[in-house]
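Residue-level structure breakdown
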Amino acid sequence: MKILNDFSLKNYNTFGIEAKAEQFVAVHSLAELKSILEQNKNKKKFILGGGSNMLLTKNIEALVIHIDLKGKKIIKQDADFVWIEGQAGENWHQFVLWNIEQNFGGLENMSLIPGNVGTTPVQNIGAYGTEIKDTFVSCEAIHIETQEIKTFTKEECNFGYRESIFKNEVKDQYIITSVIFKLTKQNHKINTSYGDILAELAKNNITSPGLKDVSNAVIAIRKSKLPDPAELGNSGSFFKNPILLKSDFEPIHQKFPEMRFFDISETEVKVPAGWLIEQAGLKGKRFGDAGVHKNQALVLVNYGGATGQEILNVSKTVQETVFETFGIHIEAEVNII
């Protein structure tokens, strides 16, 4: 394991932002990770996974540790369920496809989400009616200061909408090294009710979809709306869908009766941030080399030479315009570094 100095992170973040790490090292096993943490106790550290949910606005004046632990295996199984462990550095989409190939169900709606397995619990990632918490059993993590290994159960993770204990109570204290999921082997719960999945299936004359059919539909929808980071720098959805109390939403809805919303409890509704941004006239708008994507207003893009600060400025413009138009504040889902 060689620690590299003044290392470019351009290929390690999906926005393709040129930023430097003061020091950089990639670890490929738990033993290597422990060793690096022990040997560099007094150094400031920055933990890097797939680089898909962050916006670099400056150089990282720290030791950047890239988590590149690979592997997946069956922990146990019975007639109906299988418990799969994925190492933190596994590519999420490839992990999803591998499980579908084994006919293991539960992750198919989250196909093509960028990033690695280890960062999925941090955000409680989700798409098309499913979230990580639906199949999550536990994760193993190492304490950065003590190197103690701890198992976090689903209950201990305090999952919420794009929230977990790793973004709050224990933020910057642990590195997730592996995750265990409980998936179905038969009687799969096929979820086609959300978004455009049914329409995509109908387009292909599929009336009784299987896991692969749902995955293919999600992949097709995401590809039609979301740019490939290898071709156009982005981090997927930049903003969270705002959740409002119904009492606060009612006067807004009276003013804008065409506004879309979803009931999520007796007292709360979720409003699609993409709809708000599009209706505020920002979809496809370009500001130099940064902008709002032409097919999906939730996505901010780097057209080639944008700095992180320029993309951050676009995000602030979007937030201000949406608030001025609708009186609704939208939060960034992406971590601003």
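This section reports on the structure supplied with the text. Chains are numbered independently. Their residues run from 1 in the order of the written sequence. Local features in a predicted model are, by the rule used here, given only for residues with pLDDT of at least 70; side-chain atom pairs are given and counted only at 80 or more, and totals for whole chains, interfaces and linings are based on all residues. In computing side-chain properties, one takes all heavy atoms of the structure into account and sets aside hydrogens as well as water.

All right, on to the sheet that holds strand β17 (residues 286-287) then. Spatial strand order, β13-β19-β18-β17: four strands in an open sheet with antiparallel pairing. Two strands close off the open sheet at either side, each with one partner strand: β13 (233-237) and β17. In this analysis, strands are considered paired if DSSP registers two or more bridges between them. Helix and strand definitions follow DSSP, with helices as H or I runs of at least four residues and strands as E runs of at least two, each counted in order from the N terminus. In this structure, β17 lies alongside strand β18 (residues 290-292), joined through two bridges in antiparallel fashion. Its bridge partner being in β18, R286 is matched across the sheet by G291.

A separate point is the sheet that holds strand β6 (residues 72-77). Pairing in this open sheet of five strands is antiparallel, and the strands run β6-β7-β12-β10-β11 from one edge to the other. Strand pairing shows two members of the sheet lacking a second neighbour, β6 and β11 (149-153), which therefore form its edges. Going across the sheet, the axis of each strand differs from the next one's by a mean of 25 degrees, ignoring polarity. Examined bridge by bridge, β6 and strand β7 (residues 81-87) share five bridges and lie antiparallel to one another. Across the sheet, the residue bridging to K72 is G86, located in β7. The strands that helix α1 (residues 30-39) touches are β10 (136-143), β11 and β12 (174-184); relative to β10, the one it contacts most, it runs at about 40 degrees. Any two residues whose heavy atoms approach within 4.5 Å are treated as being in contact. For helices, the axis comes from a line fit to the C-alpha atoms of the stretch in contact; other axes are also lines fit to C-alpha atoms, and the angle between any two N-to-C directions lies between 0 and 180 degrees. Helix-sheet contacts for helix α2 (residues 92-101) involve β6, β7 and β12, and the interaxial angle to β7 is about 155 degrees.

So, on to the environment of Y12. Looking at where Y12 falls in the secondary structure, it is placed in the loop between β1 (4-8) and β2 (20-27). Whether a residue is buried, partly exposed or exposed follows from its accessible area with a 1.4 Å probe, protein chains only, as a fraction of its type maximum: under 20%, in between, or over 50%, in that order. What makes Y12 partly exposed here is its relative accessible area of 27%. Taking C-alpha positions, Y12 is 36 Å from G327, a pair spaced 315 residues apart along the chain. Apart from residues no more than four positions distant in its own chain, Y12 is found in contact with F7, F24, L48, G50, G51, M54 and H66.

Time to look at the nonpolar core. Each nonpolar core is a collection of buried residues, namely Ala, Val, Leu, Ile, Met, Phe, Trp, Tyr and Cys, held together in the definition by side-chain atoms within 4.5 Å. If you look at the biggest cluster of nonpolar residues, it comprises 45 residues, and the most contacted ones within it are M259, I277 and V318. Put simply, the parts of the chain that give this core at least two residues each are β2, β3 (45-48), β4 (54-55), β5 (60-67), α6 (246-255), α7 (273-279), β18 and α8 (308-326). Counting residues per element, this core draws most heavily on α8, which supplies six residues. The contact partners of I277, leaving out residues within four places of it in the chain, are F239, L282, K283, V292, A297, L298, V318, V322 and I330. If you look at the next biggest cluster of nonpolar residues, it comprises 36 residues, including C139, V179, V214 and A217.

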